[in-house]
Amino acid sequence: MERARLLSAIEARRSRREYRGKYIDNHQLNKLRQLIDEYTTNGGVRMEMAADSGVAFNGLTKSYGMLSGVNNFVGMIAKKDDWLASEKLGYYGQLLMLEAVSMGLGTCWVSLTLKRENLPFTLAPGEEVLSTITFGNVDEHDSLKERFVRGMLNIRNKTLEELFISDVEPPKWFINGVRAAQKAPSAMKKQPVCFRLKNGVVTACVPDIGDFMNAHDLGIFKLHFQIGAGGGRWEWGNHGVYTPKEDINN
């Protein structure tokens, strides 16, 4: 991971719901396809891109999912009730999103309001599309509709102190990790993830790992923490342990 570039993407990222222009530069599309192949191979997840196909988003008018001009998206696919796959898809999906943002594309997670019956993916028995990431060209400034939707979702973000528990004064790299996680997207902006530093060990957890959206958010928050903390490696799962980069190299 290129930390500086991804940190910039974390700062720049915001949900974009109004896209313009059907076609995306082929270089950008090919790069995203390469990343999907890489994450599928290395992460053991299933992600599929649908380019120039927005039928699944037609008529989507609920306030939370108000979208227009969607022609490109990536499906996060897993077996039903596979919370570990949901966590991994949150992690790698968010990494893909940050890469897209660093290319200058607009992005948005869509799940709860998705019309799954119109998705162009062939699913194996027991599989479902947990969520999608829409992406595409956007105007530099938010539209009136985007500002309206963001205003409707103007839920107070948790403070830094509300996102972690520590039995000591946390080191700077830990605080940097939590600060990056504070900027992570989450379902309905609930920010359910808590980071713990106890006896020198860092873990991350959600209150109900059986809720696939909580598992999804756990993966997203772990990624942001990892980037902010300067590298390192997470164990998968609820209460998974984080190993800082310096410990990995020693």
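Quantities reported herein were computed from a predicted structural model and do not represent experimental measurements. (Residues numbered from 1 in each chain as written. Predicted model: local features only at pLDDT ≥ 70, side-chain atom pairs only at ≥ 80, totals over all residues. Heavy atoms only, no water.)

### Some details on the side chain of Glu 146
Our working rule: Counting from the N terminus, the helices are DSSP H or I runs at least four residues long and the strands are E runs at least two residues long. Working definition: with a 1.4 Å probe on protein chains only, accessible area under 20% of the residue-type maximum means buried, over 50% means exposed, and in between means partly exposed. In protein, a polar contact requires one atom able to donate a hydrogen and another able to accept it; more generally it is a pair of N or O atoms within 3.5 Å, and residues adjacent in sequence count only if both atoms are side-chain atoms. Contacts are assigned to residue pairs that have any heavy atoms within 4.5 Å of one another.
Among the secondary structure elements, Glu 146 is positioned in helix H4 (residues 144-152). Note on Glu 146: relative accessible area 2%, which makes it buried. Here Arg 17 takes part through its backbone nitrogen, which lies 2.8 Å from a polar atom of the side chain of Glu 146. With residues up to four places along the chain from it excluded, the contact list for Glu 146 reads Arg 16, Arg 17 and Glu 18.

### Remarks on helix H5 (residues 172-182)
Within the span of H5, buried status applies to Phe 174, Ile 175, Gly 177, Val 178, Ala 180 and Ala 181. Its buried side turned inward, H5 meets helix H1 (3-12), strand E5 (164-166), strand E6 (194-198), strand E7 (201-205) and helix H6 (212-228).

### Describing the pattern of salt bridges
Charged atoms that come close allow side chains of opposite charge to pair. For the record, the criterion: Here, a salt bridge means any side-chain nitrogen of Lys or Arg that lies within 4 Å of a carboxyl oxygen of Asp or Glu.
For the coordinates displayed, the defined rule picks out 10 salt bridges. The partner of Arg 20 in a salt bridge is Asp 139, and the shortest N-O contact between them spans 2.7 Å. Within this pair, whereas Arg 20 is found in the loop between H1 and helix H2 (26-43), its partner Asp 139 is found in the loop between strand E4 (127-136) and H4, the two being separated by 119 residues in sequence. When its relative accessible area of 44% is taken as the criterion, Arg 20 is described as partly exposed. Among the ionic pairs, Glu 127 bridges to Arg 46, the shortest N-O distance being 2.4 Å. Note that Glu 127 is positioned in strand E4 and Arg 46 in strand E1 (residues 46-51), a separation of 81 residues in sequence.

### Quick look at the side chain of Arg 13
Note the following rule: Two residue types count as positive, namely Lys and Arg, and two as negative, namely Asp and Glu; His and chain ends fall outside the count.
Tracing the sequence through the fold places Arg 13 in the loop between H1 and H2. Buried and without a salt bridge, Arg 13 has Glu 11 as its closest oppositely charged side chain, separated by 10 Å. Ignoring sequence-local partners within four residues, the contact set of Arg 13 consists of Gln 94, Met 97, Leu 98, Val 101, Thr 107, Lys 183, Ala 184 and Pro 185.

### Quick notes on the confidence of the model for the chain
Heads up, the rule is: Per-residue confidence from the predictor is reported as pLDDT, a score between 0 and 100.
Across the chain, the average pLDDT comes to 89, with 91% of residues at or above 70. Note on residues 60-64: pLDDT under 50 across the span, and 12 contacts to partners over four residues away in sequence or across chains.

### Side note on helix H3 (residues 83-102)
To keep things clear, this is the line we draw: Helix span, expected: 1.5 Å multiplied by one less than the number of residues in the helix.
When the terminal C-alpha atoms of H3 are compared, their 29 Å separation across 20 residues agrees well with the 28 Å that a helix rising 1.5 Å per residue should span. For H3, the buried fraction is high: 17 of the 20 residues fall into the buried class. Directly beyond the C-terminal end of H3, a positive phi value near 95 degrees is found at Gly 104.

### With respect to the sheet that holds E1
Heads up, the condition is: Being paired, for any two strands, means DSSP has found at least two bridges between them. Note on method: axes are straight lines fitted to C-alpha atoms, helices fitted across the in-contact stretch only, with angles between N-to-C directions ranging 0 to 180 degrees.
With respect to topology, four strands assemble into an open sheet ordered E1-E2-E4-E3, the strand pairing being antiparallel. Of all strands in the sheet, those with a lone pairing partner are E1 and strand E3 (106-110), marking the two edges. When strand polarity is set aside, the average angle formed by the axes of neighbouring strands in this sheet is 25 degrees. Looking at chain direction, strand E2 (residues 72-79) and E4 are connected through seven bridges and run antiparallel. In the sheet register, Lys 79 faces E4, and the bridge partner there is Glu 127.

### Here we look at the sheet that holds strand E9 (residues 240-243)
Strands sit in the order E5-E6-E7-E9-E8 across an open sheet of five strands; the sheet is mixed. The open sheet is flanked by E5 and strand E8 (233-234), the only strands paired with a single partner. In terms of strand pairing, E8 meets E9 through two bridges, oriented antiparallel. Opposite Trp 234, over in E9, you have Tyr 242 as the bridge partner. Its contacts with the sheet put H5 on E5, E6, E7 and E9, and the angle it makes with E6 is roughly 170 degrees. Against the sheet, H6 touches E6, E7, E8 and E9, its axis set at about 145 degrees to E7.

### Topic: a nonpolar patch on the surface
Definition in use: Distance thresholds for patches are 9 Å for like charges and 5 Å for nonpolar side chains (Val, Leu, Ile, Met, Phe, Trp, Tyr), applied to residues having over 30% relative accessible area and no salt bridge. Surface accessibility in these figures is a Shrake-Rupley result with a 1.4 Å probe; residues are shielded only by whichever protein chains are displayed.
On the surface, Trp 83, Leu 84 and Trp 236 cluster together into a nonpolar patch covering about 250 Å² of accessible area. Inspection of the secondary structure puts Trp 236 in the loop between E8 and E9. For Trp 236, a relative accessible area of 32% gives the class partly exposed.

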